[in-house]
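# Tertiary structure, described
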Protein chains: 4
Amino acid sequence: MSTRMSVAELNAFLETDFPQIHTGGRSFVVEAAGPMTARVRMAYHQRHLRPGGTISGPAMFALADLSLYIAILAQIGPVALAVTTNLNINFLRKPEPRDLIGECRLLKLGKRLAVGEVAILSEGRDDLVAHATGCYSIPPV
Amino acid sequence: MSTRMSVAELNAFLETDFPQIHTGGRSFVVEAAGPMTARVRMAYHQRHLRPGGTISGPAMFALADLSLYIAILAQIGPVALAVTTNLNINFLRKPEPRDLIGECRLLKLGKRLAVGEVAILSEGRDDLVAHATGCYSIPPV
Amino acid sequence: MSTRMSVAELNAFLETDFPQIHTGGRSFVVEAAGPMTARVRMAYHQRHLRPGGTISGPAMFALADLSLYIAILAQIGPVALAVTTNLNINFLRKPEPRDLIGECRLLKLGKRLAVGEVAILSEGRDDLVAHATGCYSIPPV
Amino acid sequence: MSTRMSVAELNAFLETDFPQIHTGGRSFVVEAAGPMTARVRMAYHQRHLRPGGTISGPAMFALADLSLYIAILAQIGPVALAVTTNLNINFLRKPEPRDLIGECRLLKLGKRLAVGEVAILSEGRDDLVAHATGCYSIPPV
């Protein structure tokens with residue numbers, strides 16, 4: 001099972017179809033996309049912060065959701081308008097104020113539903129700061 | 001069980017302790033806080049949008065998380081540094097580009113954990129656009 | 001929006017199509033089914049217990065899952081083979097060794113997905129012992 | 001970080017402290033426990049079945065919950081009475097009527113909370129049939 005979109009195509013797709021995620025300053029970059037996997041970086045940016053210099057829950061949610069979306073897109077191509085139906089996130093440790101990495105692995109890619117998990121890590125650290133599982137609905141072709 | 005913070009005190013607390021949520025323009029306002037309940041409004045703002053004019057998942061997540069936080073704060077007061085440990089959200093319908101309301105009800109308020117549910121509605125509509133349940137850890141006094 | 005199956009029809013359906021849930025002794029009974037709602041009783045039974053006389057997590061999960069299934073069946077009728085895709089449950093208080101009631105409310109009933117929440121209560125008590133939200137996939141007709 | 005309980009000790013603990021899980025016939029066996037991991041087998045048994053010969057959701061929930069509990073117990077020892085506070089499960093494929101394996105990995109083991117994920121597989125197959133994440137509350141010593 002090879003991917004239908006390259007990393008460059010995925011970043012170009014975000015640029016043209018999701019310019020909103022760059023509001024307030026460019027931060028999200030697709031770094032890798034393989035069979036049923038994807039890696040997305042959320043560069044450190046002041047707008048992601050919470051009191052105490054830690055990164056906010058909504059910013060980590062955004063990274064988890066986007067990582068899952070990119071992993072699906074890489075598999076099925078830019079034709080489909082997939083939407084999140086469910087996302088469950090566990091916050092494990094307070095992230096330091098540095099880049100976060102979302103590592104997504106698809107657990108199932110069906111005709112109607114895709115399910116995946118996302119590990120969220122601080123750059124250069126091994127411990128997870130958060131972990132999410134989510135489900136996307138894939139519309140009929 | 002009465003609340004320890006009034007609506008005015010809750011909004012003032014956000015102003016001084018969470019100025020980040022107002023980054024890019026004021027949008028979140030506490031509207032009500034009763035025993036084990038709270039209502040928070042997320043005013044329509046361009047930065048919450050997604051392609052097609054709908055409101056983004058991360059923006060709805062932020063509203064759910066904040067509504068839960070406010071309901072807890074209203075009960076235990078501004079002393080404690082509560083943090084989200086888990087949040088599960090189901091996206092039900094695409095919200096129109098208008099204000100969203102988060103209606104939170106605490107299901108449990110223990111010494112160490114608080115659990116609640118949040119219904120997210122479009123202003124003036126009865127159908128839910130999303131529904132979340134979440135858990136906060138309450139640190140020892 | 002009226003229901004397509006009566007309480008008697010729902011119980012008869014369980015009898016013929018889900019005899020397994022009665023393994024070890026009859027315990028689950030549909031008590032009510034209205035528009036987008038259902039109530040299912042799990043009668044106290046030794047096989048649901050955990051050490052200390054409390055009721056087990058898997059037993060509460062089974063009640064939550066069944067309540068959701070019954071609420072969907074009441075709406076769409078016995079024709080469809082709906083399956084659980086996701087279930088998230090929060091355990092709030094240790095239930096005493098008595099009947100549990102699952103009160104389900106559907107939050108969305110689409111063509112492909114149904115989402116609902118289930119409050120689980122001990123008979124005769126107001127406090128929730130658990131709360132679940134779940135998603136069923138509804139196969140094409 | 002080594003484990004405090006061996007596989008034999010974990011199985012003996014289940015025998016004496018959780019005899020209920022063997023009600024209706026022995027089915028659950030701890031197979032492995034390493035640092036922050038555990039593997040539990042749920043042997044094929046008629047009481048786990050659903051119509052069509054597939055394995056029921058509550059049975060898979062029980063396996064996920066137990067795998068997580070065993071992984072925690074292996075780390076902290078049999079002294080503590082840990083209880084599930086949240087469990088989220090995604091059902092991915094209909095399992096065939098054969099043994100299921102729960103592979104647990106702890107994502108966080110704090111003083112008050114432990115969080116882990118569990119992959120559920122059919123024996124001899126690579127595809128996941130379900131995936132769960134859950135949280136246990138660990139009582140003060």
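Parameters at a glance
- Residues numbered from 1 in each chain as written.
- Chains lettered and ligands numbered in written order.
- Predicted model: local features only at pLDDT ≥ 70, side-chain atom pairs only at ≥ 80, totals over all residues.
- Helix = DSSP H or I, 4+ residues; strand = E, 2+ residues; numbered from the N terminus.
- Buried ≥ 20, exposed ≤ 12 C-beta atoms within 10 Å, placed from the backbone.
- Contact = placed C-beta atoms within 7 Å.
- Nonpolar A, V, L, I, M, F, W, Y, C, P; charged D, E, K, R; others polar.
- Least-squares fit on C-alpha atoms with pLDDT ≥ 70 in both.
- Pairing = 2+ DSSP bridges.
- Axes fitted to C-alpha atoms, helices over the stretch in contact; angles between N-to-C directions.
- Left-handed = near helix turned anticlockwise from the far one by under 90°.
- pLDDT = per-residue confidence, 0-100.
- Core = buried A, V, L, I, M, F, W, Y, C linked by C-beta atoms within 7 Å.
- Expected span 1.5 Å × (residues − 1).

Scanning chain A from N- to C-terminus turns up two helices and eight strands. Put simply, chain A runs from its N terminus to its C terminus through helices and strands in the order α-β-β-β-β-α-β-β-β-β. Over its C-alpha atoms, taken along the principal directions, chain A stretches across nearly 45 × 30 × 25 Å. Counting over 141 residues, chain A shows a buried share of 48%. Sequence separation of at least 24 residues holds for 65% of the intrachain contacts in chain A that already meet a minimum separation of 6.

This part is about the interface of chain B and chain A. Across the boundary between the two partners, chain B contributes 24 residues, which contact 24 residues of chain A. Among the secondary structure elements, those contributing two or more residues to the side of chain B that touches chain A are β3 (49-50), α2 (57-76) and β5 (83-91) of chain B. Per-element accounting of the side of chain B that touches chain A gives the leading share, nine residues, to β5 of chain B. Of the residues in the side of chain B that touches chain A, the class split is 10 nonpolar, 10 polar and four charged.

Attention now goes to the relation of the copies chain A and chain D. Two chain copies, one operation linking them: a rotation about an axis together with a shift along it. Rotating chain A by 180 degrees and moving it 0.0 Å along the rotation axis overlays it on chain D with an RMSD of 0.0 Å. When the rotation and shift are considered jointly, the pair of chain copies conforms to a two-fold rotation axis. Among all residues of chain A, the one whose C-alpha sits closest to the rotation axis is Asn 88 of chain A, at a distance of 3.8 Å. The share of interface residues of chain A whose copies in chain D are also at the interface is 100%, consistent with both copies meeting through the same surface.

As a further point, take the relation of the copies chain B and chain A. The transformation that overlays chain B on chain A combines an axial shift of 0.0 Å with a rotation of 180 degrees, and the residual RMSD is 0.0 Å. Comparing interface residues between copies, 100% of those in chain B also lie at the interface in chain A; the contact surface is shared.

Paired through backbone hydrogen bonds, the strands of a sheet run either parallel or antiparallel to each other. A sheet is described by the order of its strands in space; here 12 strands give the open sequence β1(C)-β2(C)-β4(C)-β5(C)-β6(C)-β3(C)-β3(D)-β6(D)-β5(D)-β4(D)-β2(D)-β1(D), paired in antiparallel fashion. The sheet is open, and its two edges are formed by β1 (28-34) of chain C together with β1 (28-34) of chain D, each paired on a single side. This sheet shows a mean twist of 20 degrees between the axes of neighbouring strands, independent of strand direction. Alignment of β1 of chain C against strand β2 (residues 37-42) of chain C, held across six bridges, turns out to be antiparallel. Following the sheet pairing, Phe 28 of chain C is matched in β2 of chain C by Met 42 of chain C.

Attention shifts here to the sheet that holds strand β2 (residues 37-42) of chain B. Overall, antiparallel pairing links the 12 strands, which are arranged β1(A)-β2(A)-β6(A)-β7(A)-β8(A)-β5(A)-β5(B)-β8(B)-β7(B)-β6(B)-β2(B)-β1(B) in an open sheet. Looking at the sheet topology across the chains shown, the edges are occupied by β1 (28-34) of chain A together with β1 (28-34) of chain B. Sheet twist, expressed as the mean angle between neighbouring strand axes with direction ignored, is 20 degrees. By the bridge criterion, six bridges tie β2 of chain B to strand β6 (residues 100-109) of chain B in an arrangement that is antiparallel. Of the residues in β6 of chain B, the one forming a bridge with Met 42 of chain B is Leu 100 of chain B.

Moving on, we get to the pairing of strand β5 (residues 113-122) of chain D. All names here are of chain D. Within β5, nine of the 10 residues are buried, which leaves the element mostly enclosed by the surrounding structure. For strand β4 (residues 100-109) and β5, the ladder comprises nine bridges, and the chain directions are antiparallel. Bridge pairing in β5 places Gly 102 opposite Ile 120. Between β4 and β5, which pair antiparallel in sequence order, lie three residues. Here β5 folds back onto strand β6 (residues 128-137), and the loop between the two strands holds five residues, one of which, Gly 124, carries a positive phi near 80 degrees.

Attention now moves to the packing of helix α2 (residues 57-76) of chain A against α2 of chain B. Helices that pack against each other are described as a pair by the angle of their axes relative to one another and the distance between those axes. Two elements in contact, α2 of chain A and α2 of chain B, have axes whose closest approach is 9 Å; the angle formed by their N-to-C orientations is 145 degrees. Crossing of α2 of chain A over α2 of chain B shows right-handed handedness. Together, Gly 57, Pro 58, Phe 61, Ala 62 and Asp 65 of chain A of α2 of chain A and Gly 57, Pro 58, Phe 61, Ala 62 and Asp 65 of chain B of α2 of chain B make up the contact between the two elements. Of the residues that constitute the contact of α2 of chain A with α2 of chain B, the class distribution is six nonpolar, two polar and two charged.

Residue and element names in this part refer to chain C. Relative to the helices and strands, Tyr 136 is located in strand β6 (residues 128-137). C-beta crowding within 10 Å serves as the criterion here: with 25 such atoms nearby, Tyr 136 is assigned to the buried category. Taking the C-alpha atoms as reference points, Tyr 136 and Thr 84, 52 residues apart in sequence, are found 4.3 Å from one another. With sequence-adjacent residues up to four places away left out, Tyr 136 is seen in contact with Leu 68, Ile 72, Ala 82, Val 83, Thr 84, Thr 85 and Ala 114.

Residue and element names in this part refer to chain B. Inspection of the secondary structure assignment puts Ala 132 in strand β8 (residues 128-137). Measuring from C-alpha to C-alpha, the distance between Ala 132 and Val 115 comes to 11 Å, with 17 residues separating the pair along the chain. Discounting residues that sit within four places of it in the chain, Ala 132 has contacts with Ala 64, Leu 87, Asn 88, Ile 89, Glu 117 and Val 118.

What follows deals with the interface of chain A and chain D. The interface is formed by 11 residues belonging to chain A together with 11 residues belonging to chain D. Of all the secondary structure elements, the ones that give two or more residues to the side of chain A that touches chain D are β5 (83-91), β6 (100-109), β7 (113-122) and β8 (128-137) of chain A. Considering every element that reaches the side of chain A that touches chain D, the biggest residue donor is β8 of chain A, with four residues. Looking at the side of chain A that touches chain D residue by residue, the classes come out as five nonpolar, four polar and two charged.

Another aspect to go through is unusual backbone geometry. With phi around 65 degrees, Met 36 of chain B is a residue other than glycine that occupies positive phi space. Within the element layout of this structure, Met 36 of chain B appears in the loop between β1 and β2.

Another aspect to go through is the confidence of the model for chain A. This prediction gives chain A a mean pLDDT of 92; 98% of its residues lie at or above 70. Taken together, the chains of this predicted complex give a pTM of 0.96 and an interface ipTM of 0.94.

So, about the nonpolar core. Counting 170 residues, the largest nonpolar core has Ile 70 of chain A, Ile 70 of chain B, Ile 70 of chain C together with Ile 70 of chain D as the members making the most contacts within it. Here Ile 70 of chain C is in contact with Leu 10, Val 30, Ala 33, Ala 38 and Val 40 of chain C, once residues within four sequence places are set aside.

Turn by turn, an α-helix covers 3.6 residues, leaving residues three or four places apart pointing in a common direction. All names here are of chain C. With 20 residues, helix α2 (residues 57-76) should cover 28 Å at 1.5 Å per step; its first-to-last C-alpha distance of 29 Å lies within 8% of that length. Of all the 20 residues making up α2, 19 are buried; the element is thus mostly covered by neighbouring parts of the structure. The first or second residue beyond α2 is Gly 77, which carries a positive phi of 85 degrees.

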